[in-house]
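# Geometric and topological summary
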Amino acid sequence: DQEEIVSSMINQVDEINIRNTIIKLSAYQNRYYKSKTGEESQKYIFDTWASLVQGRTDAKVEYYRHSGWGQPSVVLTLEGSSTETIVVGGHADSIAGWWGGAEARAPGADDNASGISTITEIIRILVANNFHPSKTVKFMAYAAEEVGLLGSKEIAQSHKQQNVDVVGVLQLDMTNFNGSKEDIVLMTDYTNDAQ
């Protein structure tokens, strides 16, 4: 029931912003979860998101520190008036196959700099329109996803232990890749049919 607001915001998407973020993220040697550049790239995301919400009292950007590796996840929270929470996330790490490691070249332009760039543009547009959500919205750039979804699993377990009422999740991965005739593909495994 929010078509007018959504349509207006969609019209504000600026492709060059998405492209520039992809270029910046893919310029790192890699964003591997155990590499120095994996940590540096998360700092870039943290700083970018923090600059977008600067001055908003209902927004905060935090690192989610993981115990098993150095690369943190980045979480931006827009506080809503409801206790319900919506997560918009994507993995920020990149990998050069299973043999890659901390020294391999893995730009990950599409997988998944594109997803993080799309999330960044969503944040920019919401803030530019002074959007205040009724539900809390958490934007996440997960660490260590390419090695077994480690970052998001740890955050999900933490949310469960803290009784965070997550009512919906949108996962953005490889948003720059046109792999089919469909513009959007909805996964149906491990999902909520009603959503």
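Everything numeric in this text was worked out from a predicted model, so none of it was measured.

### Quick look at the sheet that holds strand E4 (residues 136-142)
Strands sit in the order E1-E2-E4-E3-E5 across an open sheet of five strands; the sheet is mixed. Strands with a single pairing partner mark the edges of an open sheet, and in this sheet they are strand E1 (59-64) and strand E5 (165-171). When the angles between neighbouring strand axes are averaged without regard to direction, this sheet yields 20°. Note: strand E3 (residues 84-91) against E4, seven bridges, orientation parallel. In the sheet register, Ile 86 faces E4, and the bridge partner there is Val 137. Its contacts with the sheet place helix H4 (residues 109-128) against strand E2 (73-78), E3 and E4, and it is angled at close to 140° to E3. This element, helix H5 (residues 150-161), spans E1, E2, E4 and E5 of the sheet and lies at about 150° to E4.

### Some thoughts on the pairing of E4
Remember that side chains alternate between the two faces of the sheet whenever the strand is regular. Of all seven residues in E4, seven are buried; the element is thus mostly enclosed. The alternating pattern of E4 places Thr 136, Lys 138, Met 140 and Tyr 142 and Val 137, Phe 139 and Ala 141 on opposite faces, both of which are buried. Two elements, E2 and E4, share five bridges in a ladder whose sense is antiparallel. Directly across from Thr 77, in E4, lies its bridge partner Lys 138.

### Here's the deal with helix H2 (residues 15-26)
In a regular helix each residue adds 1.5 Å, so twelve residues correspond to 16 Å; H2 covers 16 Å between its end C-alpha atoms and thus fits that length. Within H2, the full set of buried residues consists of Ile 18, Thr 21, Ile 22, Leu 25 and Ser 26. Looking straight down H2, one finds its buried side chains confined to an arc of 125°; they lie on one side.

### Let's talk about the packing of aromatic side chains
Counted according to the given criterion, the structure contains three aromatic pairs. Between Tyr 33 and Trp 69, the ring centres sit 5.8 Å apart and the planes meet at 70°, which makes this aromatic pair edge-to-face. Here Trp 69 lies in the loop between E1 and E2 and Tyr 33 lies in the loop between H2 and helix H3 (36-52), a separation of 36 residues in the sequence. With respect to class, Tyr 33 is no different from Trp 69; both count as buried. A centroid spacing of 4.4 Å and a plane angle of 20° characterise the contact between Phe 46 and Tyr 63, whose relative ring orientation is stacked. On the criterion of sequence distance, the pair formed by Phe 46 in helix H3 and Tyr 63 in strand E1 is long-range, its members being 17 residues apart. We classify Tyr 63 as partly exposed; its relative accessible area is 28%. Members of the aromatic cluster, each reached through a chain of ring pairs, are Tyr 32, Tyr 33 and Trp 69.

What counts and what doesn't
Residues numbered from 1 in each chain as written. Predicted model: local features only at pLDDT ≥ 70, side-chain atom pairs only at ≥ 80, totals over all residues. Heavy atoms only, no water. Pairing = 2+ DSSP bridges. Helix = DSSP H or I, 4+ residues; strand = E, 2+ residues; numbered from the N terminus. Axes fitted to C-alpha atoms, helices over the stretch in contact; angles between N-to-C directions. Contact = heavy atoms within 4.5 Å. Buried < 20%, exposed > 50% of the residue type's maximum accessible area, 1.4 Å probe, protein only. Expected span 1.5 Å × (residues − 1). Arc of directions from axis to C-beta. Phe/Tyr/Trp six-rings, centres within 6.5 Å; stacked < 30°, edge-to-face > 60°.

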